[in-house]
Amino acid sequence: MANDNDLMKKIVAHAKEYGYVFQSSEIYDGLSAVYDYGQMGVELKNNIKSYWWKSMVQMHENIIGIDSAIFMHPKVWEASGHVDAFNDPLIDNKDSKKRYRADVLLEDYIEKINGKILKEVKKAENRFENFNEAEFRKTNGRVLDNQKKIDDVNSRMKAALEANKLDDLRDLIIDLEIADPVSGSRNWSDVKQFNLMFSTEIGAVAEEANKIHLRPETAQGIFVNFLNVYKTGRMKLPFGIAQIGKAFRNEIIARQFIFRMREFEQMEMQFFVKPGEEMKWYDYWKETRQKWHLRLGISEENYRFHDHLKVAHYANAATDIEFNFPFGFKELEGIHSRTDFDLKQHEEFSGKKLKYFDSELNENYVPYVIETSIGLDRMFLAVLSSSYKEETLEDGSSRVVLKLPPALAPTKVAIMPLTKKDGLPEKAREIIDSLKFEMNCQYDEKDSIGKRYRRQDAIGTPFGVTVDHQTLEDNTVTIRDRDTMQQERIAIAYLKAKLMKAVSFTTILA
Ligand code: ATP
């Protein structure tokens, strides 16, 4: 396949051509970093949400879901620390006039050196038998040197970020001779902090209007409802509150399709635990969330954990599940041990007690929290990009196929009459009527069967069912598997059960 940049371009073009993702307001030349989901995209998105909701809420007795509003009292964002600290360190390139996140430039630099190490190790593995001692020592030396470089950059970056020393961050970029990835220029401005929250005004009369923020995360809607849920749901620790919803961030770097958007969706769960037990639950959620990803059947090699160097102001441990996107490994999901920071802050700012009564200890306390937070749109991109395949077939022809996990595929089955006459379309519609309450079906009678298969491959439909003249005689159809392209003839009576088994969430959740 072509290089990664080309691959990303192909995925963006494919997503548009087949109704997955459109640029927002495209007829007005678009709005930067804002996207719309088309007829296929919305189905894939809904299926990802459903998989998350089922596995978090439906499969856990002690997790419930809520849907809190996007607008919240302005004090919420003071209490959470977002007004003061939800900043990105920005740096401008004076020649290209492009703006970057200083920490991301440094992380990309580290990633490049990491790539060099991996290459060196792979080369050594391949030539292991023929390696002499001198070569081995040389390779080892280079790997160690590069590892030391990474450690040095990491520790300088960590120190600068923790002390909020923006000049040190800039010095590091200069010392490492990091160039603007677009222009190659090293003419950098100072580093400045930039708050990412959008604001608007609430209230009809301008003078009386209050400035409020569009929520930059869904988590705070959960914290402010802690007491409501705990009391009305008669919850006992440990318990979780889950929510899926929109979040808004005025992102500066908005160049990676739906990876970094200004309006996006999060799927977050806050798990409230007894203080002192947070590390046990942090490990539990790391493992559980990893399994959630792997159960989709996406290759394990695409995932890795990245523990945070600098934990956010609210956390005592944090890790990212990173995914191998076409532009490299980047954060897909965060798992954070948030201590009792948020609830305590809301106690202080609201003046209300947000405590749990532990009947065994006969004691009130503020619970600790483990958070799992995944971007729905990033998950969408992870699924889409890892499913996109260009294949050359045995007869020399080629196809583009989206090998989506069947449970997530927008359309589960295409029902195709071989011809438009002889009662075949009616028979096909009869089959659709028997399936449509359970799954999304598509009726397709246009063009040759071969063309119709290609179309369904391109949108990722896992199964194609052909209705032919034999169907009218013995009530059998041929069913074609998208990935293997194998066809088999089966009785219509077995069709629903076969499809349900292959496309339902039960198979991956159980
Ligand atoms: P990044 O470092 O990439 O900006 P973050 O650490 O700020 O991400 P969190 O605040 O931990 O992200 O948000 C939780 C999740 O929300 C992320 O793991 C990501 O999947 C998603 N997310 C965050 N910002 C965006 C965005 N601008 N567009 C799409 N998804 C996002």
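The preceding data block contains the structure.
Heads up: these notes are all about the structure in this document. (Residues numbered from 1 in each chain as written. Predicted model: local features only at pLDDT ≥ 70, side-chain atom pairs only at ≥ 80, totals over all residues. Heavy atoms only, no water.)

Taken together, the five strands give an open sheet; going across it, the order is β20-β19-β21-β22-β23, and neighbouring strands pair in mixed fashion. Strands with a single pairing partner mark the edges of an open sheet, and in this sheet they are β20 (441-443) and β23 (487-491). Taken over all neighbouring pairs, the strand axes of this sheet differ in orientation by 25 degrees on average, direction set aside. Those strands touched by helix α14 (residues 449-459) are β19 (413-417), β20, β21 (463-467), β22 (476-481) and β23, and its axis lies near 170 degrees from that of β19. (Pairing = 2+ DSSP bridges. Helix = DSSP H or I, 4+ residues; strand = E, 2+ residues; numbered from the N terminus. Axes fitted to C-alpha atoms, helices over the stretch in contact; angles between N-to-C directions. Contact = heavy atoms within 4.5 Å.)

Neighbouring residues of the ligand: 16 residues in total, closest E251, R260, M261, E331 and L332. E251 has a polar side-chain atom sitting 2.8 Å from a nitrogen atom of the ligand. When isolated, the ligand has an accessible area of 590 Å², and the protein chains bury 87% of it. At the level of secondary structure, the elements contributing two or more residues to the shell around the ligand comprise β10 (263-273), β13 (328-339) and β16 (368-375). The element best represented in the shell around the ligand is β13, accounting for five residues. (Near = heavy atom within 4 Å. Polar contact = N/O pair within 3.5 Å; in protein donor to acceptor, adjacent residues only side chain to side chain. Areas by Shrake-Rupley, 256 points an atom, 1.4 Å probe, with all protein chains shown as cover.)

What follows covers the layout of surface pockets. Looking at the second largest pocket, its volume works out to about 250 Å³. Lining the second largest pocket are 14 residues, with K236, L237, Y356, D358 and E360 positioned closest to its centre. The leading source of residues in the lining of the second largest pocket is strand β14 (residues 356-358), at three residues. Looking at the lining of the second largest pocket, its residues break down into seven nonpolar, one polar and six charged. (1 Å grid on protein atoms, 1.4 Å probe; cavity = no way out; pocket = protein on both sides within 12 Å on 5 of 7 lines; lining within 4 Å. Points joined across faces, edges and corners; volume = space filled by probe spheres on them. Nonpolar A, V, L, I, M, F, W, Y, C, P; charged D, E, K, R; others polar.)

A few words now on the environment of N210. Mapped onto the secondary structure, N210 falls in strand β8 (residues 210-213). With relative accessibility at 47%, the residue N210 sits in the partly exposed group. As a C-alpha pair, N210 and P74 span 136 residues in sequence and 8.4 Å in three-dimensional space. For N210, the residues in contact, after removing those within four places along its chain, are T200, E201 and I202. (Buried < 20%, exposed > 50% of the residue type's maximum accessible area, 1.4 Å probe, protein only.)

The next thing to look at is the nonpolar core. One finds Y20, V21, I48, W52, I258, W285 and F380 to be the most contacted residues of the largest nonpolar core, which totals 61 residues. Counting 21 residues, the second largest nonpolar core, distinct from the first, contains I91, L105, L166 and V191. (Core = buried A, V, L, I, M, F, W, Y, C linked by side-chain atoms within 4.5 Å.)

Another aspect to go through is empty space enclosed by the protein. A complete count under the given rule lists one cavity of 30 Å³ or more for this structure. The space that makes up the largest cavity amounts to roughly 30 Å³. At the level of secondary structure, the elements contributing two or more residues to the lining of the largest cavity comprise α14 and β21. Its residues assigned to classes, the lining of the largest cavity comprises four nonpolar, three polar and three charged.

With that out of the way, let us pick up the side chain of E217. Locating E217 in the fold gives a position in the loop between β8 and α8 (219-223). We classify E217 as buried; its relative accessible area is 7%. Of note is the side chain of E217, whose polar atom sits 2.9 Å from the side chain of Q220. Leave out the neighbours within four places in its chain, and E217 touches W77, H82, A247, R249, Q266, E268 and R338.

Before going further, it helps to examine the packing of aromatic side chains. Applying the stated rule across the entire model yields 24 aromatic pairs. Centre to centre, the rings of F226 and F239 are 6.0 Å apart; their planes meet at 10 degrees, and the pair counts as stacked. With a gap of 13 residues between them, F226 in helix α9 (residues 226-232) and F239 in strand β9 (residues 239-248) connect regions that are remote in the sequence. Classification of F226 by relative accessible area gives buried; the value is 0%. Their ring planes at 75 degrees and their centres at 5.2 Å tell us that F259 and F325 sit as a pair that is edge-to-face. Of this pair, F259 sits in the loop between β9 and β10 while F325 sits in strand β12 (residues 317-325), and the two are 66 residues apart along the sequence. Grouping aromatic residues by their ring pairs yields a cluster made of F223, F226, Y230, F239, F272, Y356 and Y365. Seen from the ring of F305, K286 lies directly overhead, with NZ or CZ sitting 4.9 Å from the centre. R480 extends its terminal NZ or CZ atom over the ring of Y453, reaching a point 4.3 Å from the ring centre. (Phe/Tyr/Trp six-rings, centres within 6.5 Å; stacked < 30°, edge-to-face > 60°. Lys NZ or Arg CZ within 6 Å of the ring centre and 35° of its normal.)

This paragraph deals with the environment of I63. Following the sequence through the fold, I63 ends up in strand β3 (residues 63-65). Residue classification places I63 among the buried residues on the basis of a relative accessible area of 2%.

What follows concerns the packing of helix α2 (residues 39-58) against helix α12 (residues 376-387). At a closest axis distance of 10 Å, the pairing of α2 and α12 adopts a crossing angle of 110 degrees. By the angle between their directions, the pair α2 and α12 is classed as roughly perpendicular. Taking contact as the criterion, the partners of G41, L44, K45, I48 and K49 in α2 are, on α12, L376, D377, M379, F380 and V383. Class assignment for the residues of the contact of α2 with α12 results in six nonpolar, one polar and three charged. (Parallel < 35°, antiparallel > 145°, perpendicular 65-115°, else oblique.)

This part takes up the packing of helix α6 (residues 133-162) against helix α7 (residues 166-175). The interhelical angle for the contact between α6 and α7, taken along N-to-C directions, is 155 degrees, at an axis separation of 9 Å. In terms of their interaxial angle, α6 and α7 are classed as roughly antiparallel. In contact with V153, R156, M157, A160 and L161 of α6, α7 contributes D168, L169, D171, L172 and D175. Tallied by class, the residues present in the contact of α6 with α7 amount to six nonpolar, no polar and four charged.

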